[in-house]
Amino acid sequence: MKTVIFIFSMSLFSGALADYACPDGTSAACLDAGDTVCPASAKCVNQEAVCLNRSDCDSARGYICGSEYDLVLRDYEKVVSQYNQLTSENVELRNTRLEQRSCVINAATLKDAIRCVRSQD
C-alpha cells in the first residue's frame, strides 16, 4: 500500500513539474517570503521608493531614487549657500572700493588719499 501511495504522489509531483516551464533564456528560482524579482533590464527599489507618474520624468534621461535626490538636493543647497555668501562678500568689497574711490577723489592731498586706502585695510 505504501508503494502505491508513493507512486501516486510521485506521479502528481512529476505532473506538476511537467506543467511548469520557464520562458526561453530564463531559469526558475526559489523565493522566500518577502523576496522580490526584478528583471535584469530594470532597477529594483525597496518599499519606501516613491512612485512617479510616467510624465514626471523623461525616461530617455533616466530616473532618480529618493535617496539620491536627497543627496543632490543637499549638495544644491550647499552650493546655493556658498553662492549667497560669495555674493554678500562681493557686495561688501564693492561698497568698500566705492567708499575708497570717493574718499580718494575728495582728498585734498596725496597723504589724505593714501590714508583713505590704508584706513580700510
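Residues numbered from 1 in each chain as written. Predicted model: local features only at pLDDT ≥ 70, side-chain atom pairs only at ≥ 80, totals over all residues. Heavy atoms only, no water.

### Digging into the overall build of the protein chain
A count of helices and strands for the protein chain gives three helices and zero strands. In the protein chain, the order of α-helices and β-strands from amino to carboxyl end is α-α-α. Residues classed as buried in the protein chain amount to 2% of the 121 residues present. Per element, the accessible surface of the protein chain, about 11,500 Å² overall, is 57% carbon and sulfur. (Helix = DSSP H or I, 4+ residues; strand = E, 2+ residues; numbered from the N terminus. Buried < 20%, exposed > 50% of the residue type's maximum accessible area, 1.4 Å probe, protein only. Areas by Shrake-Rupley, 256 points an atom, 1.4 Å probe, with all protein chains shown as cover.)

### Overview of the confidence of the model for the protein chain
Per-chain confidence: the protein chain averages 75 in pLDDT, with 59% of residues scoring 70 or above. At the low end of the mean pLDDT range in the protein chain sits helix α1 (residues 2–19), at 52; at the high end sits helix α2 (residues 66–106), at 92. (pLDDT = per-residue confidence, 0-100.)

### Here's the deal with the state of the cysteines
Under the counting rule described, the total for this entry stands at one disulfide. The disulfide partner of cysteine 103 is cysteine 116, and the S-S distance across this bridge is 1.7 Å. Taking the torsion about the sulfur-sulfur bond, which here is approximately -60°, the covalent link between cysteine 103 and cysteine 116 counts as left-handed. Of this pair, cysteine 103 sits in helix α2 while cysteine 116 sits in helix α3 (residues 110–118), placing them 13 residues apart in sequence. With relative accessibility at 31%, the residue cysteine 103 sits in the partly exposed group. With relative accessibility at 7%, the residue cysteine 116 sits in the buried group. (Disulfide = S-S within 2.5 Å.)

### Notes on a nonpolar patch on the surface
On the surface, a nonpolar cluster with roughly 380 Å² of combined accessible area is contributed by Tyr69, Leu73, Tyr76 and Val80. Positionally, tyrosine 76 belongs in helix α2. Owing to a relative accessible area of 54%, tyrosine 76 belongs among the exposed residues under this scheme. (Patch = residues over 30% accessible without salt bridge, like charges linked within 9 Å, V, L, I, M, F, W, Y side chains within 5 Å. Salt bridge = Lys/Arg side-chain N within 4 Å of Asp/Glu carboxyl O.)

### A look at the environment of isoleucine 114
Tracing the backbone shows isoleucine 114 in helix α3. A sequence separation of 11 residues divides isoleucine 114 from cysteine 103, and the C-alpha atoms of the two residues are 9.6 Å apart.

### Points about the environment of cysteine 116
Taking the C-alpha atoms as reference, cysteine 116 lies 5.8 Å from cysteine 103; in sequence the two are 13 residues apart. The contact partners of cysteine 116, leaving out residues within four places of it in the chain, are Gln100, Cys103 and Val104. (Contact = heavy atoms within 4.5 Å.)

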